[in-house]
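# Tertiary structure, described
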Amino acid sequence: MKNDLPAEIANAKEALLTALGKFDDETINTVPFEGSWTGGQVAEHVLKSASGVMAALEGDTKPADRNPEQNVQQLRELFLNFNIKMQSPDFIIPSNDPKDIDFLVKALSRTFDGIEKSAVSDDLSLICTTFEMPVMGYLSRSEFINFTYAHTQRHTHQLNNILAHLKSAHHDNT
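Okay, so let's go over this structure. All figures in this text were calculated on a predicted structure; none of them were measured in a lab.

### Topic: the side chain of His45
- Structurally, the position occupied by His45 is in helix H2 (residues 39–58).
- Among the residues examined, His45 registers a relative accessible area of 3% and is labelled buried.

This is the structure in structure tokens:
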């Protein structure tokens, strides 16, 4: 198995931080349309998720008793289907507090660097036993990193949509 995960995580991080960098102190906390999160809330959600993945990657593991890639395709297909709306688990729902872009960029960068390092140097076939993914159960390190890749791409897409809405609304008001 060729391990493209380090490059994929690096690319996902870069795309996320590029999208986040298009926001300013005002737009990061602006709701683009009813029922939407702000750009800052999306970034906080990704940070909470990626931080949880990092904790799982660093936590207790056991040898796999199944194919450690078993859920990869399903995770990617699910999270990269931008036509479906998903409900976030409560533990990674962002707060309504105003967000600080600089803090989010630094924290996301640090967290993704850790995940990328794990993708390079850890045994990705091991099953992480400190956290059970809702519906899927315990995931391998490979599955967790693949989840992070797809989840980040999903929310980078969402950030770009939020930005487009904010620019369109701003243009309509000028």
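### Things to note about the nonpolar core
- Residues Phe23, Leu108, Ile115, Phe144 and Ile145 are the most contacted members of the largest nonpolar core, which totals 41 residues.
- When residues of this core are traced back to their parent elements, those giving at least two are helix H1 (5–20), H2, helix H3 (72–79), helix H4 (101–121) and helix H5 (141–172).
- Excluding anything up to four places from it in sequence, Leu108 contacts Leu16, Leu17, Leu20, Ala43, Val46 and Leu47.

### Comments concerning the layout of surface pockets
- A volume near 1,100 Å³ is recorded for the largest pocket.
- Lining the largest pocket are 39 residues, with Met86, Gln87, Ser88, Arg154 and His155 sitting closest to its centre.
- The set of elements that each furnish at least two residues to the lining of the largest pocket consists of H2, H3 and H5.
- A total of nine residues in the lining of the largest pocket trace back to one element, the largest contributor, which is H5.
- Of the residues contributing to the lining of the largest pocket, the split by class is 22 nonpolar, 14 polar and three charged.

Definitions and cut-offs
- Residues numbered from 1 in each chain as written.
- Predicted model: local features only at pLDDT ≥ 70, side-chain atom pairs only at ≥ 80, totals over all residues.
- Heavy atoms only, no water.
- Helix = DSSP H or I, 4+ residues; strand = E, 2+ residues; numbered from the N terminus.
- Buried < 20%, exposed > 50% of the residue type's maximum accessible area, 1.4 Å probe, protein only.
- Core = buried A, V, L, I, M, F, W, Y, C linked by side-chain atoms within 4.5 Å.
- Contact = heavy atoms within 4.5 Å.
- 1 Å grid on protein atoms, 1.4 Å probe; cavity = no way out; pocket = protein on both sides within 12 Å on 5 of 7 lines; lining within 4 Å.
- Points joined across faces, edges and corners; volume = space filled by probe spheres on them.
- Nonpolar A, V, L, I, M, F, W, Y, C, P; charged D, E, K, R; others polar.

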